[in-house]
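Residues per chain are reported as follows:
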Amino acid sequence: MAANGGIQIAGLAKSYGDVRAVRGIDVSIAPGETVALLGPNGAGKSTTIDMVLGLLDPDAGSVTVFGATPRDAVDRGSVGAMLQVGTLLRDLTARELVTMMASLYPRPLPVENVLGMTGVSSFADQRTQKLSGGQTQRVRFAVALVSNPELLVLDEPTAALDVEGRHAFWSTMREFVASGRTVLFATHYLEEADAFADRVVLMAHGTVVADGPPNEVKAMVGTRTIRATLPDVTAEELERLPGVNSAARRGEAVELSCADSDRALRALLDTYPAARDIEVAGAALEDAFLRLTSAEEAVA
Ligand code: ADP
């Protein structure tokens, strides 16, 4: 990859007083890549995103966006952003707002197309202060897209959307990135990162704790537990089943911690048909993050 292509984040750090929000991270994003910044609340995702957009100055390190400073890249219309905070301009209809934003850029997308893609058309004539949270979020998305940016930066883009809204949002995003655009989005939903990103950068406590394809990161944090009643089989025997990381026995019950719970469950039932009262529980992502972070801190 050319050194000036995509986004280069090097040694980036930012503190708020005593809070070290971002502690020296390195991330390189190639043009055309869709990267999820995944992590629990407080991990430093928004702070990182604000620095990528030139809204916050780093204490140390640097960010380059298509070979330029973030502010220059934003000024020339290469970057579209959708943030969690900020109200929309009042007393304009959604259509007027998007039209006004389009007029500020050299190569905007046709406004009606953008209103259609983002699901705004049906309420485009309502004033922005009358919109629901989900509608406001769609208008923000329309504003981010209308400049026709090479890079789209989104902070928790689906936070205010219901399930249907999320599906619609990601299908629009798929259309948008199909044309070779670069996307960086922050999320605390593992499922969203997994379904949509080419690559997941996992952050916790201001550091990058993992960076790789969604499958790899999912295997690190997405462990599940299978519980079943199954006497007369040892934990050691259960640990040999495919997909199982570790096993423990509590009386008649067994508990399997799994990297691949689907495989483990099939193997469990094939090998031990007597297993009953089976439950599969997703590990809390927060727990996985904590585990990874404490591992990281122990090494540091
Ligand atoms: P995330 O987006 O992953 O939830 P943030 O970047 O918002 O994480 O926050 C990282 C850390 O910095 C948190 O501990 C948060 O409380 C703190 N923080 C964020 N913004 C501010 C601020 N403006 N002033 C003080 N502390 C802040």
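In case you missed it, the structure is sitting above this.
About the thresholds
- Residues numbered from 1 in each chain as written.
- Predicted model: local features only at pLDDT ≥ 70, side-chain atom pairs only at ≥ 80, totals over all residues.
- Heavy atoms only, no water.
- Axes fitted to C-alpha atoms, helices over the stretch in contact; angles between N-to-C directions.
- Helix = DSSP H or I, 4+ residues; strand = E, 2+ residues; numbered from the N terminus.
- Parallel < 35°, antiparallel > 145°, perpendicular 65-115°, else oblique.
- Contact = heavy atoms within 4.5 Å.
- Nonpolar A, V, L, I, M, F, W, Y, C, P; charged D, E, K, R; others polar.
- Patch = residues over 30% accessible without salt bridge, like charges linked within 9 Å, V, L, I, M, F, W, Y side chains within 5 Å.
- Areas by Shrake-Rupley, 256 points an atom, 1.4 Å probe, with all protein chains shown as cover.
- Salt bridge = Lys/Arg side-chain N within 4 Å of Asp/Glu carboxyl O.
- Buried < 20%, exposed > 50% of the residue type's maximum accessible area, 1.4 Å probe, protein only.
- Core = buried A, V, L, I, M, F, W, Y, C linked by side-chain atoms within 4.5 Å.

## Concerning the packing of helix H5 (residues 133-146) against helix H6 (residues 163-178)
At a minimum axis separation of 12 Å, H5 and H6 run at an interaxial angle of 5°. By the angle between their axes, H5 is roughly parallel relative to H6. Residues Arg138, Phe141 and Leu145 of H5 pack against Gly165, Phe169, Thr172, Met173 and Phe176 of H6. Classifying every residue of the contact of H5 with H6 gives 5 nonpolar, 2 polar and 1 charged.

## Observations regarding a nonpolar patch on the surface
Together, Leu269, Ile278 and Val280 make up a nonpolar patch on the protein surface, roughly 210 Å² of accessible area in all. Relative to the assigned elements, Val280 resides in strand E13 (residues 276-282). Taking the relative accessible area as the measure of exposure, Val280 reaches 41% and is therefore partly exposed.

## With respect to the nonpolar core
One finds Val120, Val139, Leu152, Leu154, Phe169, Met173 and Phe185 to be the most contacted residues of the largest nonpolar core, which totals 46 residues. Residues within four places of Leu152 in sequence aside, it is in contact with Gly80, Phe141, Ala144, Leu145, Met173, Phe176, Thr182, Val183 and Leu184. One finds Val22, Val27, Met51 and Val79 within the second-largest nonpolar core, a separate group that totals 26 residues.

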